[in-house]
Amino acid sequence: MSKAVAVPFETTLLVRDHCLCLHLQRAARKIARRFDEALRPVGLTNGQFSLLMSLNRPESPGMAAVAALLAMDRTTLTAALKPLERRALVTVAPDPADRRSRRMSLTAAGRRLLARAVPIWETTHAAIEALLADRDTAPGARLAADRLRRNLRSLS
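Residues numbered from 1 in each chain as written. Predicted model: local features only at pLDDT ≥ 70, side-chain atom pairs only at ≥ 80, totals over all residues. Heavy atoms only, no water.

(A) Layout of the packing of helix H3 (residues 46-54) against helix H5 (residues 74-86). It is at 11 Å that the axes of H3 and H5 come closest, and there the two elements cross at 95 degrees. Classified by the angle between their axes, H3 and H5 sit roughly perpendicular to one another. Two secondary-structure elements touch here, H3 through Gln48, Leu51 and Leu52 and H5 through Leu77, Ala80, Leu81, Pro83 and Leu84. In terms of residue class, the contact of H3 with H5 is made up of seven nonpolar, one polar and no charged. (Axes fitted to C-alpha atoms, helices over the stretch in contact; angles between N-to-C directions. Helix = DSSP H or I, 4+ residues; strand = E, 2+ residues; numbered from the N terminus. Parallel < 35°, antiparallel > 145°, perpendicular 65-115°, else oblique. Contact = heavy atoms within 4.5 Å. Nonpolar A, V, L, I, M, F, W, Y, C, P; charged D, E, K, R; others polar.)

Okay, structure coming up:
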């Protein structure tokens, strides 16, 4: 019989207070819920908004490019596309240059819905950026948000 080794409670507190992964996950969940709530009136989740926005390009992107941008695997991307296809917001079609590959496009309805969603995103995003500022300096929000974006890019 092996004796169980206990992790000291102090270690739990250290992880709670210092773990970047935990803090990023908590912040991501909270921000995602805030965008979900804001986008609910147009019938989108934050993930669907991001996916629609990733398709808003001059040329229809392939699955690999969108999956890489959204940091998801192709199976997850395919599953995320299904409800948007059912709502006729996106189309997925074979790539004319390589029939084994797929290209995705916004439909006219998808472009209209995205246009309605963007002002909601802008307002919500500005409110979240404002939370990063020192209470005394409005320009500080922009600087803090830019620094956060740079730091997050360096991690991804």
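(B) Representation of helix H4 (residues 63-70). Along H4, the residues classified as buried are Met63, Val66 and Ala67. Around the axis of H4, the buried residues are gathered within 100 degrees of arc, so they sit on the same side. Turned more than 90 degrees off the buried face of H4, the exposed positions are Ala68 and Leu69. Where H4 is buried, its residues meet H3, H5 and strand E2 (98-106). (Buried < 20%, exposed > 50% of the residue type's maximum accessible area, 1.4 Å probe, protein only. Arc of directions from axis to C-beta.)

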